[in-house]
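Structural overview for review
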Amino acid sequence: MKQLARKYQPYIWIAVFIMATIASFSLGFDPGKTVFTNFRVSLVEMLSFLPFLFIIVGLFDVWVPKEKIQKHIGQESGIKGIALVVLLAMLQAGPLYGAFPIAYILYKKGISARNLFIYLGAFSSMKIPMLGIEIGYLGIDFTLVRTLISLPLFIAIGFLMERFMKGKHFEVFDPGNKAAAKTVQ
Amino acid sequence: MSNNAIIFVSVAAVVSLVSFLMDRDKTILGFKRGWQMFRKLLLPFLNILIIVSIALYLISPDTIEKYLGGDSGAVGFLIAAVVGSITLIPAFISYPIAAGLLQQGASYAVVGTFMTTLMMVGVVTLPLEIQYLGRRVAITRNAFNFVAAIIIGLAIGVIL
């Protein structure tokens, strides 16, 4: 029963919304009708580009394997290293907290502190699927301006963080396996 | 918005065609991955659209314009920066909200600040970040990012 509840829990909102909408239309409840009209407009808007975006993202994922880029991050430094780190971050998906486990792996592979924070910056604001959705909703102008201003700023943050940590001992931990991380050190 | 749809449809068509000519199996695999990602997103997306639709009905355009509009000045900016830093809204979910704010008269600077703090600063996730990076580094990173987000928001407002 509990399992069943958990399985269908994500659909509860939709179910309630559909029932409320049907009720609104049959009873002639105007606020309910207005809310549905708002919903219909947004839904059409979303479906007009989102499926196509994910065709592009899916193909991108298949043709540009992340592992290939990941191999070159540790050794390279300078502009090429930065470019690769940004590109790698752009290929990811998900919220920022999903980047920390990856940061740990990159750290173990010997990524520099500077590149690590550039990676986190690019991960937070330049992931390709997110850019696509952003263009769809806020327009290409907004997305371009935001990205072009953000890029130099989070690269600057990478350099600042590197300076901030100079001489101090810096390491990335794996909370799931703290003891092991310590022994590696 | 329809212009955007045309861009996405044509790019998707061209990319698919080229991919298909180069490697049929890879193309099908790419479609499958895209579909999986889309499917995972669809439900949270529908839920947020419902919430936005209700919020749009409840919160009058006048209220939004008063607090976040072009004349709201520093107050609107501050509200956007603080709310964006604290809350944890996945980026893809925040775009419909941002678009709604813009339509209701919020300024580009405010929406830009809201979006960037949302993406780059995470107060709610700070405990998790501290576990990975250590307290000092995590707090410093968030502080730098907060300043950067404000600069980005202001710049967006100036340019657009």
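Summary of the structure given here.

Calculation notes
Residues numbered from 1 in each chain as written. Chains lettered and ligands numbered in written order. Predicted model: local features only at pLDDT ≥ 70, side-chain atom pairs only at ≥ 80, totals over all residues. Heavy atoms only, no water. Buried < 20%, exposed > 50% of the residue type's maximum accessible area, 1.4 Å probe, protein only. Helix = DSSP H or I, 4+ residues; strand = E, 2+ residues; numbered from the N terminus. Arc of directions from axis to C-beta. Contact = heavy atoms within 4.5 Å. Buried area = accessible area lost by both parts, 1.4 Å probe. Salt bridge = Lys/Arg side-chain N within 4 Å of Asp/Glu carboxyl O. Polar contact = N/O pair within 3.5 Å; in protein donor to acceptor, adjacent residues only side chain to side chain.

If you check which residues of helix α7 (residues 126–133) of chain B are buried, you get L126, E129, I130, Y132 and L133 of chain B. Projection of α7 of chain B onto a plane perpendicular to its axis shows the buried side chains occupying an angular sector of 165°, all on one side. The inward-facing, buried residues of α7 of chain B abut α7 (99–108) and α8 (113–125) of chain A together with α8 (135–159) of chain B. G134 of chain B, located one to two residues past α7 of chain B, shows a positive phi value of around 90°.

A word on the interface of chain B and chain A. Opposite the 69 residues of chain B that make contact, chain A presents 67 residues. Roughly 6,400 Å² of surface becomes buried between chain B and chain A when both sides are summed, with 82% attributable to carbon and sulfur atoms. Broken down residue by residue, the surface that chain B buries against chain A is led by F8, Y95 and Y132 of chain B, which jointly contribute 13%. Our count for the chain B to chain A interface comes out at one salt bridge. A salt bridge links D61 of chain A to R33 of chain B, with the nearest nitrogen and oxygen atoms 3.1 Å apart. If you look at where chain B meets chain A, you find six residue pairs in polar contact (both at pLDDT 80 or more). Those elements that provide at least two residues to the side of chain B that touches chain A are α1 (2–22), α2 (24–58), α5 (91–103), α6 (108–120), α7 and α8 of chain B.

All quantities given are derived from atomic positions and should not be read as evidence of function.
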